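Geometric and topological summary
Chain by chain, the residues:
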Amino acid sequence: MKTIAHLLFFFVSLTVFSAQNHPSEAFFETSDHVKIKYKVSGKGEACFYIPGGPGQGYSSFELMGGNNLEKNMQMVYMDQRGSGESGTSENYHLDKMIQDIEELRQHLKLKKVLLLAHSFGGIIAVNYAKKYPQHTNGLILANVTLHFLNDESVKEQIEYGNSLLKLKNRAIPKDSLSSELSKVSSALRKKRIGYKFLTEDIETIKESDKIDSLHPRIIDFGMAVISKPKDFPEYYADYAPMTKEINVPVLIITGKKDKAVGTQHYKTFRFPNQKVFSIDGGHLLYYEKNKDFVNAVNRFVNTIK
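Conventions we followed
Per-chain numbering applies: the sequence of each chain, read as written, is numbered from 1 onward. Local features in this predicted model are restricted to residues whose pLDDT is 70 or higher, and side-chain atom pairs enter the listing and the counts only when it is 80 or higher, whereas totals over whole chains, interfaces and linings include all residues. Side-chain metrics rest on all non-hydrogen atoms present in the structure, leaving aside hydrogens and water. Throughout, nonpolar core names a set of buried Ala, Val, Leu, Ile, Met, Phe, Trp, Tyr and Cys residues whose side chains join them through atoms within 4.5 Å. In this scheme, a residue with accessible area under 20% of its type's maximum is buried, one over 50% is exposed, and one in between is partly exposed, where area comes from a 1.4 Å probe on protein chains only. Strands are runs of DSSP state E lasting at least 2 residues, helices are runs of H or I lasting at least 4, and numbering of each runs from the N terminus. Contacts were defined at the residue level, with two residues in contact if any of their heavy atoms lie within 4.5 Å. Between any two strands, pairing holds if DSSP finds at least two bridges. Working convention: axes come from line fits to C-alpha atoms, limited for helices to the stretch in contact. Angles between N-to-C directions cover 0 to 180 degrees. The rule is short: rings of Phe, Tyr and Trp, with Trp giving its six-membered ring, pair when the centres are within 6.5 Å, and they are stacked under 30 degrees, edge-to-face over 60, tilted in between. By definition, being over a ring means that NZ of Lys or CZ of Arg is both within 6 Å of the ring centre and within 35 degrees of the ring normal. We count a salt bridge whenever a side-chain nitrogen from Lys or Arg sits within 4 Å of a carboxyl oxygen from Asp or Glu. Two N or O atoms form a polar contact when they lie within 3.5 Å of each other; inside protein one atom must be a possible hydrogen donor and the other a possible acceptor, and for residues adjacent in sequence the pair counts only when both atoms belong to side chains.

Some words on the nonpolar core
Ranked by internal contacts, the top residues of the largest apolar core, which has 52 residues, are Phe 48, Leu 115, Val 126, Leu 139, Leu 141, Tyr 235 and Phe 271. In terms of residue count, the dominant contributor to this core is helix 4 (residues 121–131) (six residues). In this structure Val 126 touches Leu 139, Leu 141, Leu 146, Tyr 239, Met 242, Ile 246 and Phe 271, once residues within four positions along its chain are discounted.

Brief notes about the sheet that holds strand 4 (residues 73–78)
Pairing between the strands of a sheet comes from backbone hydrogen bonds, and it takes one of two forms, parallel or antiparallel. Taken together, the eight strands give an open sheet; going across it, the order is 1-2-4-3-5-6-7-8, and neighbouring strands pair in mixed fashion. With partners counted over all chains shown, the strands left at the sheet margins are strand 1 (25–29) and strand 8 (274–279), one partner each. Taking the axes of each pair of neighbouring strands and ignoring which way they run, one obtains an average angle of 20° across the sheet. Of the strands in this sheet, strand 3 (45–50), strand 4, strand 5 (113–118), strand 6 (136–142), strand 7 (250–255) and strand 8 touch helix 10 (residues 290–304), which is tilted by about 170° from strand 7.

So, the packing of aromatic side chains
In total, this model carries 15 aromatic pairs according to the counting rule given. A centroid spacing of 5.3 Å and a plane angle of 45° characterise the contact between Phe 148 and Tyr 236, whose relative ring orientation is tilted. With Phe 148 in the loop between strand 6 and helix 5 (151–165) and Tyr 236 in the loop between helix 8 (220–227) and strand 7, the pair connects residues that are 88 residues apart, well separated along the chain. We note that Phe 148, like Tyr 236, is buried. Aromatic ring contacts, followed pair by pair, group Tyr 92, Phe 120, Phe 148, Phe 221, Phe 232, Tyr 235 and Tyr 236 into a single cluster. Lying across the ring of Phe 277, Arg 299 places its NZ or CZ 5.4 Å from the centre.

With respect to the pattern of salt bridges
Enumeration over the complete set of coordinates arrives at 15 salt bridges. For the salt bridge of Arg 170 with Glu 180, the shortest nitrogen-to-oxygen distance reads 3.1 Å. Highlighted residues: Arg 170 in the loop between helix 5 and helix 6 (177–190) and Glu 180 in helix 6, separated in sequence by ten residues. Residue classification places Arg 170 among the exposed residues on the basis of a relative accessible area of 55%. Residues Lys 257 and Asp 280 are paired through a salt bridge, measuring 3.7 Å at the closest nitrogen-oxygen approach. Of this pair, Lys 257 sits in the loop between strand 7 and strand 8 while Asp 280 sits in the loop between strand 8 and helix 9 (285–288), placing them 23 residues apart in sequence. Judged by its relative accessible area of 37%, Lys 257 is partly exposed.

Things to note about the environment of Asp 238
Assignment of secondary structure puts Asp 238 in the loop between helix 8 and strand 7. Between the alpha carbons of Asp 238 and Leu 146 there is a distance of 6.2 Å; along the sequence they are 92 residues apart. There is a polar contact of 3.0 Å between the side chain of Asp 238 and the backbone nitrogen of Ala 240.

Read these as geometric descriptors, not functional statements.
As structure tokens, this is what we get:
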């Protein structure tokens, strides 16, 4: 599981609040007394950013191009409990992560919000929209998984890894997929090309590492989910079938070369009101294909104003 953790960590009126009423960077305390770090920046429709990981802080997204969205939206960046600069907790279950978003919405006195999720954050975002449709203006799902470590995506990763290692692919029993991915990932790291699941450009990883070094963060939430999967079965469930019950507008942004969540996984989504925008790139489109990414999001937001 440690190998997988290493890979993944790399891996209709809307109330608009005023920065004069809420500081741009601050902490708020949840109902169970966990301090959550958040930042508000930009003008327009309010949009909560839900990081991936699990347990990635918001800084890398914000500082690697996500802040270009602030010209058209009021971005609310949030470090989840046990992540980034937020406090630790004894409870990292999905229902609590959803409640943190809802309590921050209430704290900021917003009637409805957009949710922009990346990678693993998709699981949290769709479950919030399912529970609180009355407060969800729409979903923007960027390179998300709605079924963490699903068999088809893991198979695609193994096959891609073998192609990089110039090894022949073979049939892998379902119960051996995780261990096989660990072996492939280990071999790729020895050749210093493990980053290719996320991107083809090592400079992208260097930039991400640089930002992380300047913004120290805790990873308690992510390590809990990765190291104790039996304690958190809700994060390993398949939420794609549930999408047919979520009626808010949805933008799905997918990368044609995204080996972190798989290039075909988004095809299992069944939102009644969804649009798909495919970009020729990997898992970190918000940085490497920033112009295409921002334009796609802005067009979508303009249709639901």
